[in-house]
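Here is what each chain is made of, one letter per residue.
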Amino acid sequence: TNLIGTFLLCREAYALYMQDHGGSIVNITLGNRNGMPGMMHSGASRAGVENMTATLCTEWIESNVRINCVRPGIIWTDSGFENYGPAGDVFCEKLLPTLPSKRFGSPQEVSSAVTWLLSEGASYVTGAVVCVDGGSSYTFLPLIENADEAHLVPAYGTLPSRARL
């Protein structure tokens, strides 16, 4: 759904209108820069949407089509977190302290980025990925825990014991 659905919608919007009239498309993915442990299939498809966006911005520029992407971090909605049930509390407890912003984002913050990318104010922006994530794409998100004994053994060179667990 993430990659193929986005591709089909972009293709149809282009073929039915934008090829002849221009326009702007904003795809929305999900914070995936650091991988998505436990959700590899979703992370890979969303990374594909970002690459597709970068590719189409060049292919469709002659038709005056701009195409960009918004990459939200963790966005709080009551209905979204209700879906997690009790795991939502664990999710919050584990992730909030690791976020540079020390908070989740709001839907309004994401929609503001989308609105700007669709506006004339962004008329020179195409192929961009705008992160709306409070800086979380530059930190490690502890979505899984690895036991201390689960590590890479130095196979080339030596390391003192203080340089490893």
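Residues numbered from 1 in each chain as written. Predicted model: local features only at pLDDT ≥ 70, side-chain atom pairs only at ≥ 80, totals over all residues. Heavy atoms only, no water.

A. The nonpolar core, seen in detail. In this structure, Cys10, Tyr14, Met18, Ile25, Met52, Leu56, Cys57, Trp60, Val65 and Ile67 together form the largest nonpolar core, which totals ten residues. Going through the elements one at a time, α1 (2-21), α2 (40-59) and β2 (65-72) are the ones with two or more residues in this core. With residues up to four places along the chain from it excluded, the contact list for Cys10 reads Ile25, Asn27, Met52, Leu56, Trp60 and Ile67. Formed by nine residues, the second largest nonpolar core is a distinct cluster that contains Val110, Ala113, Ala122 and Val132. (Core = buried A, V, L, I, M, F, W, Y, C linked by side-chain atoms within 4.5 Å. Buried < 20%, exposed > 50% of the residue type's maximum accessible area, 1.4 Å probe, protein only. Helix = DSSP H or I, 4+ residues; strand = E, 2+ residues; numbered from the N terminus. Contact = heavy atoms within 4.5 Å.)

B. View of the side chain of Arg71. As for its placement among the helices and strands, Arg71 is situated in strand β2. Accessibility expressed as a relative area gives 9% for Arg71, which makes it buried. A distance of 2.8 Å separates the side chain of Arg71 from the side chain of Glu50, its partner in a polar contact. Among residues more than four places away in sequence, those in contact with Arg71 are Thr29, Leu30, Gly31, Asn32, Arg33, Glu50, Val129, Val130, Cys131, Val132, Asp133 and Ser137. (Polar contact = N/O pair within 3.5 Å; in protein donor to acceptor, adjacent residues only side chain to side chain.)

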